Each structure stands twice: as structure tokens, then as C-alpha cells.
Amino acid sequence: DALTLAEEMEKAGYSVTLVLPEETPILPSAVETALFRVAQEAVTNIRKHAGGPCPVTVSLTMDAPTGITLRISDRGRGITPAETALRADRQGMQVGREVMHERMLAIGGDLLWEAKPEGVCVTAHLPHLPLPPSS
């Protein structure tokens with residue numbers, strides 16, 4: 001879960017801010033799994049590419065009008081537009097982003113990956129709150 005990911009990052013020296021809803025509705029397992037895997041991949045990418053421990057924010061918002069939004073951002077070394085273009089030419093460099101995107105598409109959502117000179121932000125969005133699993 002998000003707490004475990006945050007604890008692991010803090011043990012590695014990252015400063016993690018978690019912004020989670022007070023109450024989280026029960027979600028279908030496919031949605032929970034997709035969101036967790038996106039968070040897991042984003043955290044892995046931060047550890048690989050942020051240039052060492054840095055501030056990281058993980059936020060989850062859920063409400064009926066806007067759906068579910070998971071945002072993981074770091075204030076690491078970031079990526080310049082030139083580096084983004086260079087990496088796009090290398091096979092395999094965007095596999096993690098593609099996998100996150102596919103996971104969100106599979107549950108009816110989308111993914112936005114934004115690289116800036118000071119950090120990266122991954123936003124996974126599901127435009128509706130899914131119905132709770134039936135018993």
C-alpha cells in the first residue's frame with residue numbers, strides 16, 4: 001500500500017509527504033491493483049532517476065464529481081526537454097511509462113507524465129468512482 005511505499009522511501013533518505021483521504025471507499029481489486037502498480041512504478045523511477053533522496057509527494061483524491069486522482073511527484077534532478085528527446089530514441093527507456101499508461105487505460109483511466117528541470121510528476125486519473133465490488 002501507499003504507506004509501505006512511503007516508509008521504504010523514507011528509510012532510503014527521501015522526505016515523503018502523503019496526502020490521503022480520511023476514508024477510502026472499497027474499490028474493485030482491478031482498480032486498487034492498477035493504482036498501486038502505477039505508484040510502485042513511479043516510486044521505482046524516482047529511485048532510479050531523481051538523483052538521490054529528495055522531497056516526494058504522494059496524493060490520492062477521491063470524490064464523485066472528479067473521480068480518483070493519484071499523483072506522485074518528486075523534486076529531484078528532473079529531466080530537460082533535450083534529455084526527454086534523447087531518451088525517447090533509446091529502446092526500453094519508456095517501458096515503465098507505457099506500462100503505467102496501459103494499466104490506467106485498462107480500468108478506463110489515463111496517465112499524464114510530466115518532466116521538468118526540477119522533478120517529475122505522474123498523475124493517474126480515473127474519471128469516475130467505480131462501484132464497490134459486489135458480495
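Just so you know, these numbers come straight off a predicted model, no measurement behind them. (Residues numbered from 1 in each chain as written. Predicted model: local features only at pLDDT ≥ 70, side-chain atom pairs only at ≥ 80, totals over all residues. Heavy atoms only, no water.)

The next thing to look at is the overall build of the protein chain. Of regular secondary structure, the protein chain possesses four helices and five strands. Starting at the N terminus and ending at the C terminus, the protein chain contains elements arranged as α-β-α-β-β-α-α-β-β. Classification of the 135 residues of the protein chain by burial places 34% in the buried group. Taking the intrachain contacts of the protein chain between residues at least 6 apart in sequence as the baseline, contacts between residues at least 24 apart amount to 64%. Of the roughly 8,000 Å² of accessible surface on the protein chain, 54% is carried by carbon and sulfur atoms. (Helix = DSSP H or I, 4+ residues; strand = E, 2+ residues; numbered from the N terminus. Buried < 20%, exposed > 50% of the residue type's maximum accessible area, 1.4 Å probe, protein only. Contact = heavy atoms within 4.5 Å. Areas by Shrake-Rupley, 256 points an atom, 1.4 Å probe, with all protein chains shown as cover.)

Looking now at the packing of helix H1 (residues 2-11) against helix H2 (residues 29-49). The N-to-C vectors of H1 and H2 enclose an angle of 10°; their axes lie 11 Å apart at closest approach. Classed by the angle they form, the pair H1 and H2 counts as roughly parallel. Contacts between H1 and H2 involve Leu 5, Glu 8 and Met 9 from the former and Phe 36, Ala 39, Gln 40, Val 43, Ile 46 and Arg 47 from the latter. (Axes fitted to C-alpha atoms, helices over the stretch in contact; angles between N-to-C directions. Parallel < 35°, antiparallel > 145°, perpendicular 65-115°, else oblique.)

Our focus in this paragraph is the sheet that holds strand S1 (residues 15-19). Spatial strand order, S1-S2-S3-S5-S4: five strands in an open sheet with mixed pairing. Every interior strand has two partners, whereas the edge strands, S1 and strand S4 (110-116), have only one. If you compare each strand with its neighbour and ignore which way they point, the axes differ by 10° on average. Contacts from H1 reach S1 and strand S2 (55-63) within the one sheet, and its direction differs from that of S1 by about 165°. Lying over the sheet, H2 contacts S2, strand S3 (67-74), S4 and strand S5 (119-126), oriented at roughly 10° with respect to S3. (Pairing = 2+ DSSP bridges.)

For H2, which comprises 21 residues, the first-to-last C-alpha distance of 30 Å matches the rise-based estimate of 30 Å (1.5 Å per residue) to within 8%. Listed as buried for H2 are Val 31, Ala 34, Leu 35, Val 38, Ala 39, Ala 42, Val 43, Asn 45 and Ile 46. End-on, the buried residues of H2 take up no more than an arc of 165°, which puts them together on one face. When the buried face of H2 is taken as reference, the exposed residues oriented beyond 90 degrees from it are Ser 29 and Lys 48. Among the structural elements, H1, S2, S3, helix H4 (95-106), S4 and S5 are those in contact with the buried residues of H2. Immediately downstream of H2, the backbone of Gly 51 shows phi near 90°, a positive value. (Expected span 1.5 Å × (residues − 1). Arc of directions from axis to C-beta.)

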